[in-house]
Amino acid sequence: MLKKLKKCTSLALCILAIGGGSAVANADSSEMGPQPRAIYRYGSQILTGTSYLGGGEGTIFRNAKDPYFIATQEPEVTGKPCGVIYQIRNTNKGMIDAKQLGNVQRNYKVSFNATGDIKASVKNVYNTSVKQRISGEFYY
């Protein structure tokens, strides 16, 4: 019996030594990199002019830090030119930063250096002459 107990004790110590006894894993968010505070998803829509995320006058995204779009864009009609301007604005709609993408894009990251309360908008480079189809996510 004592021999069996020694073997069990040795096995248990061995399992604990290689980490088998750990039931909880601590995940420090700093080790995983910066995490987005929130996501606003915008579905597939046809863009003719400028459109604010959230519709109308636009949603105010509070306490944003380094926001970015994961954007998909293409012309409504295949073969037509493609171009969308992604914009970050202050709450009075004043421009903070804008970046233009041409060509068809799929899940392309468009990053900005901005903080605080902001609005986000997308603008068709061609206005109504060549409609653009857009969809994606806005991280803030």
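You'll find the structure just up there.
Every chain is numbered on its own, with residues counted from 1 as its sequence reads. A pLDDT threshold of at least 70 governs which residues receive local features in this predicted model, and a stricter bar of 80 or more applies before side-chain atom pairs are shown or counted, although totals over entire chains, interfaces and linings include all residues. Side-chain calculation: all heavy atoms of the structure are included, whereas hydrogens and water are not.

Student: Even after reading the chapter, I still don't get the overall build of the protein chain, so can you show me in this structure?
Tutor: Helix and strand assignments come from DSSP, with helices taken as H or I runs of at least 4 residues and strands as E runs of at least 2, each series counted from the N terminus. Helix and strand counts for the protein chain come out as 1 helix and 9 strands. The order of helices and strands in the protein chain, counted from the N terminus, is α-β-β-β-β-β-β-β-β-β. By definition in these notes, contact holds between two residues if any of their heavy atoms fall within 4.5 Å. Here the analysis covers contacts within the protein chain between residues at least 6 apart in sequence; of these, 76% occur between residues at least 24 apart.

Student: What is the right way to read the packing of aromatic side chains from this model?
Tutor: The geometry of an aromatic ring pair is captured by the separation of the ring centres together with the interplanar angle, meaning the angle of the planes. What counts as a ring pair is set by centres within 6.5 Å for rings of Phe, Tyr and Trp (its six-membered ring), and what kind of pair is set by the plane angle: stacked under 30 degrees, edge-to-face over 60, tilted for all other angles. Inspection of the entire model under this criterion finds 9 aromatic pairs. Ring centres of Phe138 and Tyr140 lie 6.0 Å apart, and the angle between their planes is 15°; this geometry places the pair in the stacked category. Type-normalised accessible area, obtained with a 1.4 Å probe on protein chains alone, sets the label of each residue: buried when under 20%, exposed when over 50%, and partly exposed for intermediate values. Since its relative accessible area comes to 0%, Phe138 is described here as buried. Exposure remark for Tyr140: the relative accessible area of 18% places this residue in the buried category. A network of ring pairs unites the aromatic residues Tyr40, Tyr42, Phe61, Phe69, Tyr86, Phe112, Phe138 and Tyr140 as a single cluster. As a reminder, the over-ring test applies to NZ of lysine and CZ of arginine, requiring each to be within 6 Å of the ring centre and within 35 degrees of the ring normal. Taking the ring centre of Phe112 as reference, the NZ or CZ of Lys99 above it sits at 5.0 Å.

Student: Explain the nonpolar core here, please?
Tutor: Note that soluble globular proteins tend to have their nonpolar side chains buried in a common cluster. For the purposes of this section, nonpolar cores are sets of buried Ala, Val, Leu, Ile, Met, Phe, Trp, Tyr and Cys residues that join through side-chain atoms within 4.5 Å. Counting 20 residues, the largest nonpolar core has Phe69, Tyr86, Ile88 and Phe138 as the members making the most contacts within it. Taken together, the elements giving at least two residues each to this core come down to strand E1 (39–47), strand E3 (61–65), strand E4 (68–75), strand E5 (83–89), strand E8 (115–124) and strand E9 (132–139). In this structure, Ile88 is in contact with Pro67, Phe69, Gly94, Met95, Ile96, Asp97, Phe112, Ala114, Ile118, Lys119, Ala120 and Phe138, ignoring residues within four places of it in sequence.

Student: What is the right way to look at the pattern of salt bridges in this model?
Tutor: Where charged atoms from two side chains of opposite charge come close, those side chains can pair. The working definition used for a salt bridge is a side-chain nitrogen of Lys or Arg within 4 Å of a carboxyl oxygen of Asp or Glu. Scanning the entire structure with this criterion turns up 5 salt bridges. Ionic pairing is found between Arg106 and Glu74, a salt bridge with its closest N-O pair at 3.2 Å. Taken together, the residues Arg106 in strand E7 (residues 105–111) and Glu74 in strand E4 connect sequence positions 32 residues apart.

Student: Is there a simple way to think about the side chain of Gln73 in this case?
Tutor: Here Gln73 lies in strand E4. A 3.5 Å cut-off defines polar contacts: any pair of N or O atoms within that distance qualifies, except that in protein one atom must be a possible hydrogen donor and the other a possible acceptor, and neighbouring residues in sequence count only when both atoms are side-chain atoms. At 2.7 Å, the side chain of Gln73 forms a polar contact with the side chain of Tyr86. Looking at Gln73, its side chain comes within polar contact range of the main-chain oxygen of Leu101, at 3.0 Å. Those residues in contact with Gln73 that sit more than four places away from it in its chain are Cys82, Gly83, Val84, Tyr86, Leu101, Gly102, Asn103, Val104, Gln105, Arg106, Arg133 and Ile134.

Student: Looking at this structure, I do not really get the environment of Leu101. What am I missing?
Tutor: When you line up the elements, Leu101 lands in strand E6 (residues 95–102). When the C-alpha atoms of Leu101 and Tyr86 are compared, they prove to be 7.9 Å apart, with 15 residues separating the residues in sequence. Each residue touching Leu101, except ones within four places of it in the same chain, is listed here: Gln73, Cys82, Gly83, Val84, Tyr86, Tyr108 and Val110.

Student: Quick question: what am I supposed to make of unusual backbone geometry here?
Tutor: Peptide bonds are, in most cases, trans, and in most cases residues other than glycine have a negative phi. The phi dihedral of Asn103 falls on the positive side, at around 65°, and the residue is not glycine. For Asn127, which is not glycine, the phi torsion reads 50° and is therefore positive.

Remember that the coordinates give geometry; whether it matters functionally is a separate question.
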